[in-house]
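Working through the structure, step by step
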Amino acid sequence: MPRTDVEATVMHVRVPAGLPEPAYREVLEALAEISPVVQALPPGAAVVELRGALRCHGVPALRLAERVRVRSLARLSVDLRIGLAPTWAVAATASARAPEHGGIVAVAPDEVEGFLAPLPVAELHGVGPVHAAALTDYGIHTAGMLAALPLATIQRVLGGRPGRLAHDRARGIDPRPVTPRTLPMSAAVRHRFERQVMDGATVRARLLDLIVRLAATLRTRDQVARGLTLQLDFAAGARWTRTLRLPEASAHDEDLRTAAYRLMDRAGLQRGRLVGLLVRAEDLVAAGTAAEQISLDRGREMRLRAEQAVDRANQRFGHGSVGPAALLHKAA
């Protein structure tokens, strides 16, 4: 059994079978908080490049994987199967061997051969059932046997390209890079209150915290939102949802906060008792493709510069290290 206290550069994540698409998208958003290099593999997997993230977060790969798993459990009640390894194929093979209820399997570079060798060829990521059956018919039952045979022998059994692919997978070779795939067209953050609350300083502070987190996520992904949705969940099971189109596509705290507060004012809560908040950025586009109006407001320009400094500080020291003073009231 491979150790689970090792470094790795690739993380492969599997979500539970049948997970609804909105929840799968939120898992992708949680992964994007760890690393900007996330490749979605719909409908139920993703692969993440950790090379830069390890330097950025300053913690081992296993700690990042644990963080992803805990956040997914806490926010979505979704447990993940995660594989950590030097290459995509080995990481995917590892994640498939994680417990069905969720868990992490990590494979260090010097453990790849020992991890793969005893596995049935059918369990190698990238070797399909037809090719696995053909290999088994020839008495090649394990990855170790497959790796030990000459490439030419395997190619006579499977053909040129499939034979090389299977031979490489058995030896842990997979040169494919992780390529960021188009992220979901929306991004959401939510909060469940421990007890029923009414609109006031605590609710507004929590809403501001959600906006700050959402805006930071968009900026990390180099995306901007054209719309914002606010969802309020009430104690009696009722739900209020409204969407506001933004005057200009944005990922700035100030713009998203203004829209969120306008939506909250429209709700007219009065005596309504809240149990949850959800804020979703809608109609996302790449930041570089959105037109940006030139501002003549020096105050706004200074605030946007300060926002960049806050992003750098939070990336270095962790989310929430620097933020609005109003968030001191958010405990609820």
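Worth saying up front: this structure is predicted, and the values here are computed from it rather than measured. (Residues numbered from 1 in each chain as written. Predicted model: local features only at pLDDT ≥ 70, side-chain atom pairs only at ≥ 80, totals over all residues. Heavy atoms only, no water.)

Of all the five residues making up strand E1 (residues 10-14), four are buried; the element is thus mostly covered by neighbouring parts of the structure. Bridge count for E1 against strand E3 (residues 45-49) is five bridges, and the pairing is antiparallel. Bridge pairing links His 12 to Val 47 in E3. (Buried < 20%, exposed > 50% of the residue type's maximum accessible area, 1.4 Å probe, protein only. Helix = DSSP H or I, 4+ residues; strand = E, 2+ residues; numbered from the N terminus. Pairing = 2+ DSSP bridges.)

Let us now look at the sheet that holds E3. Taken in spatial order, the five strands line up as E2-E3-E1-E4-E5 in an open sheet, and their pairing is mixed. The open sheet has two edge strands with one neighbour each: strand E2 (38-41) and strand E5 (103-106). Recorded for the sheet is a direction-independent mean angle of 15° between the axes of neighbouring strands. Set on the sheet, helix H1 (residues 21-34) makes contact with E1, E2 and E3; between it and E2 the angle comes to about 165°. (Axes fitted to C-alpha atoms, helices over the stretch in contact; angles between N-to-C directions. Contact = heavy atoms within 4.5 Å.)

A few words now on the side chain of Gln 231. Its location among the elements puts Gln 231 in strand E7 (residues 223-234). At 3.3 Å, the side chain of Gln 231 and the side chain of Asp 233 are in polar contact. Among all residues touching Gln 231, those that are not within four sequence positions of it are Arg 239, Trp 240, Thr 241, Gly 276, Leu 277 and Leu 278. (Polar contact = N/O pair within 3.5 Å; in protein donor to acceptor, adjacent residues only side chain to side chain.)

Turning our attention to empty space enclosed by the protein. Under the counting rule described, the total for this entry stands at two cavities of 30 Å³ or more. When its volume is computed, the largest cavity comes out at roughly 140 Å³. Taken together, 15 residues line the largest cavity, and the ones lying closest to its centre are Glu 26, Glu 29, Glu 33, Arg 75 and Ala 188. Going through the elements one at a time, H1, helix H3 (61-76), strand E6 (187-197) and helix H10 (201-220) are the ones with two or more residues in the lining of the largest cavity. Considered class by class, the residues forming the lining of the largest cavity number six nonpolar, two polar and seven charged. Counted as a void, the second largest cavity has a volume near 30 Å³. In this structure, the second largest cavity is lined by Arg 190, His 191, Arg 192, Gln 231, Asp 233, Gly 276, Leu 277 and Leu 278. Listing elements by their share of the lining of the second largest cavity, those giving two or more residues are E6, E7 and strand E9 (274-282). (1 Å grid on protein atoms, 1.4 Å probe; cavity = no way out; pocket = protein on both sides within 12 Å on 5 of 7 lines; lining within 4 Å. Points joined across faces, edges and corners; volume = space filled by probe spheres on them. Nonpolar A, V, L, I, M, F, W, Y, C, P; charged D, E, K, R; others polar.)

Evaluation of the coordinates by the stated rule reveals zero aromatic pairs. Between the NZ or CZ atom of Arg 176 and the centre of the ring of Trp 88, over which it lies, the distance is 4.0 Å. We note Arg 204 situated over the ring of Tyr 261; from NZ or CZ to the ring centre the distance is 5.6 Å. (Phe/Tyr/Trp six-rings, centres within 6.5 Å; stacked < 30°, edge-to-face > 60°. Lys NZ or Arg CZ within 6 Å of the ring centre and 35° of its normal.)

Everything listed here is a matter of coordinates, which is why it stays silent on function.
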